[in-house]
Each structure stands twice: as C-alpha cells, then as structure tokens.
Amino acid sequence: MPLATPDKYLEMLDAAKNGGFAHPAFNVTSSQSINAVLLACAEAESDAILQVSNGGAAYFSGQAVNNRVTGSVAMAEFIRAVADQYSINVAIHTDHCPKNLLDEWVRPLIKISADRVAAGEDPLFNSHMWDGSAVPVDENLEIAADLLAQTKQNRQVLEIEVGVVGGEEDGIKGDTSDKEKMYSTVEDGMKTVERLGTGEQGRYITALTFGNVHGVYKPGNVVLRPEILKEIQDAVGAKVGKDQPFDLVFHGGSGSTDQEILDAVSFGVIKMNIDTDTQYAFSRPVADHMFTNYDGVLKVDGEVGNKKVYDPRSWGKKAERGMADRVKEALDILGATGKSVK
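Residues numbered from 1 in each chain as written. Predicted model: local features only at pLDDT ≥ 70, side-chain atom pairs only at ≥ 80, totals over all residues. Heavy atoms only, no water.

**Structural notes on the pattern of salt bridges**
Then, in step 1: One pass over the structure, following the stated rule, counts 22 salt bridges.
Then, in step 2: A salt bridge links Arg 203 to Asp 14, with the shortest nitrogen-to-oxygen separation between them at 2.7 Å. Taken together, the residues span a long stretch of sequence, with Arg 203 in the loop between helix 7 (186–196) and strand 8 (204–208) and Asp 14 in helix 1 (residues 6–19) at a distance of 189 residues.
Then, in step 3: Judged by its relative accessible area of 22%, Arg 203 is partly exposed.
Then, in step 4: On the basis of relative accessible area, Asp 14 is assigned to the partly exposed category, the value being 31%. (Salt bridge = Lys/Arg side-chain N within 4 Å of Asp/Glu carboxyl O. Helix = DSSP H or I, 4+ residues; strand = E, 2+ residues; numbered from the N terminus. Buried < 20%, exposed > 50% of the residue type's maximum accessible area, 1.4 Å probe, protein only.)

**Quick word on the pairing of strand 5 (residues 157–162)**
Then, in step 1: Most of strand 5 sits out of view: six of its six residues are buried.
Then, in step 2: Residues Val 157, Glu 159 and Glu 161 line one face of strand 5 and the alternating positions Leu 158, Ile 160 and Val 162 line the opposite face, and both faces are buried.
Then, in step 3: In terms of strand pairing, strand 4 (residues 127–130) meets strand 5 through four bridges, oriented parallel. When the bridges of strand 5 are listed, Met 129 appears paired with Glu 159.
Then, in step 4: The sheet contact formed by strand 5 and strand 8 spans five bridges and is parallel. By the bridge assignment for strand 8, Ile 160 is matched with Thr 206. (Pairing = 2+ DSSP bridges.)

**Considering helix 10 (residues 276–292)**
Then, in step 1: For helix 10, built from 17 residues, the straight-helix expectation of 24 Å at 1.5 Å per residue is met to within 8% by its first-to-last C-alpha distance of 25 Å.
Then, in step 2: Listing the buried residues of helix 10 in full gives Thr 278, Ala 281, Phe 282, Pro 285, Val 286 and His 289.
Then, in step 3: Contact partners of the buried residues in helix 10: strand 1 (23–27), helix 2 (31–44), strand 10 (269–274), helix 11 (294–297), helix 12 (307–310) and helix 13 (312–333). (Expected span 1.5 Å × (residues − 1). Contact = heavy atoms within 4.5 Å.)

**Side note on helix 5 (residues 102–118)**
Because each turn of an α-helix spans 3.6 residues, side chains separated by three or four positions in sequence point in the same direction.
Then, in step 1: At Pro 108, helix 5 shows its largest kink, close to 25°.
Then, in step 2: Those residues of helix 5 that sit buried are Leu 102, Trp 105, Val 106, Leu 109, Ile 110, Ser 113 and Arg 116.
Then, in step 3: Looking at the buried residues of helix 5, the elements they touch are strand 2 (48–52), helix 3 (54–60), helix 4 (68–83), strand 3 (90–97), strand 4 and helix 6 (137–153).
Then, in step 4: Two residues or fewer after helix 5 comes Gly 120, characterised by a positive phi angle close to 90°. (Bend = angle between axes of the 7 residues up to and from the residue.)

**Observations concerning the pairing of strand 4**
Then, in step 1: Side chains Ser 127 and Met 129 project from strand 4 onto one buried face, and the interleaved His 128 and Trp 130 project onto a second face that is buried too.
Then, in step 2: Where strand 3 meets strand 4, three bridges bridge the pair, whose relative direction is parallel. Its bridge partner lying in strand 4, Cys 97 is registered against Trp 130.
Then, in step 3: Note that the unit made of strand 3, helix 5 and strand 4 has a crossover that is right-handed. (Right-handed = clockwise from strand over helix to strand, strands pointing away.)

Here you go:
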C-alpha cells in the first residue's frame, strides 16, 4: 500500500481516538529497523508510524555525510519505496526537534514538503514534532503557531510538547530540577487551545507531560500520574465544548506499567513513542549470535572463521525478528493489533 496520504494519516489518528487505542510510533535508524517495524505491523495487521530523531537522521545519512536533512530525505524515500509492498498504511514522522535545530532540520524539511505539495505531490513526511519543552510555555506556543500554519498548508500534522520529559534522548535532556515542570497543568492546556485552537488553525497532537522520563527504567522507578491528562482534558473540554479536545502523545514509556499505559489511552492518548525497548530487542539476538558463534565470527588462532555466521545477513535477520517481536508486543498493549484502516 502506498505511503499514507495526508487524508489517510488523519483517518489513522481518528480511528485511534474513536476506537480507544493508540498507535505505537517506532523510532528507526536503519533500513533493518524499518524492515523490522513493517514486518511486525504487517503480521499484526496494524498500521505503522515510523519516526526518526535528529541523531537517527544524521546516522542514516552515513558517517561521512552526517546530515539530518539528507538522512531524513533518504529515510523517507526508502520507506516510500518499500511501503508499496505492504497491505497496511505506513506514516512517517520526525521526532523531538528542539529550538536550536529547527532551522537546520525541521524547517528545511517543511520547505521540501511545501515544494512537493506545490507540484501536486504529497508532503515528504506526514508529521513533524516541535519540542518546545526547554523554553517558556508562551514562547513554545508562539513557535508552534508559526510551524502549525506551515504544516497546515502542507497538509501535515504538527506534534508539540507542553511540559518537560525527564531523562535524555539523542542528546536532548529535560531540565527536571523543578519536578513540578514534569507535570503539565490545566493552565498549560488552556494556553495551548487559546493559541493553537482546536483544529481550525491546523491539526496538531500534543504531548502533555505527567511524569514521563526517557531512558531505561524498571517499573516503579518512574512516578507517572496519568490522571493529570484527564484533569486537563475535562477542564479544557468544558471550556471549548468538546469531549477530550486534545489528541495526546505519550513520551518516555519505559518502566510504565500496562495499567498506566491503558489509563493514558483512556484519557485520549492516540500515539505512544517506542524506542529504548526496541533498541534492546534488536541488539539482544545479535549479542547471542556473537557469543554463541564467537569462533565463527572471529578468525581465532589464525583460522578463517565461518562466513555463514559472520555474514551480516545471518545475524541481521535475527535482529529484525527480535525487534519485530517487541513491536508486536507494543501493538498488543496499546490495542492497535488488527486495527489497520482500510
């Protein structure tokens, strides 16, 4: 199936909201991780959202190039080419762009999409994320409003973040010195709809924070308060006359219990970012392969090794399968299995 059109992407988001489930959005950094996500989603009959971070985009471009825009374009075109071979909808998204990278990453990509749309084509990416968590809320929303006007023109969706996510992702660290900033407020929600509207200025999805932390944590080490999402949805909904006015995104899910995830979905989360867990699921089979076949992947004692086990395809397939299995687990937890929009 071709890469999701702007209208089909909106159908995917609306289906999640109306159907009480969420799309897991998987960070990818290589053709193999892309293939793993597509494999799993096709097997589960679920639509796929693949996303790339600034570091992932630079990595995809190659060490000699190391350019976020080049890597993003290359990744988008690769996904566009292989999506035709699948029977599910595939959407692509750029993840976590802080203020200092807007001019050298996301704004150039928005311009590329504007040129494509002007030529009668679909935008390059379905959506982009502006991460304004490190700037004051008013400035965050002013920048968001400017970007929203552009993404609306391109028939794209804008993702924003209002609040601070703890931990670190791709060199972006949340300032959690003030723990209260890790929990979005009703006032934050009110300011957001006052500045960005409820869709008339362009479609956007919102990462409100409720104690989220990026990184690797065991259950119980992260103090999540998903009920905050309900408080904000109820208060803002009463003001604008709409039930659950925000389409929400869940960042920093490692260490979350299944119940916390389900609660967040019931309060309007339609997209949940998945990265750390799938990174491990990709690498774990490779480690097993290398340890088990050490005398084949290494030329020990002057021997020649075993080409069948050091061929990257031998362990690469195992890595893809391991990641695919973790992708399917996320689809199940979020209720997305079998929910592809036809």
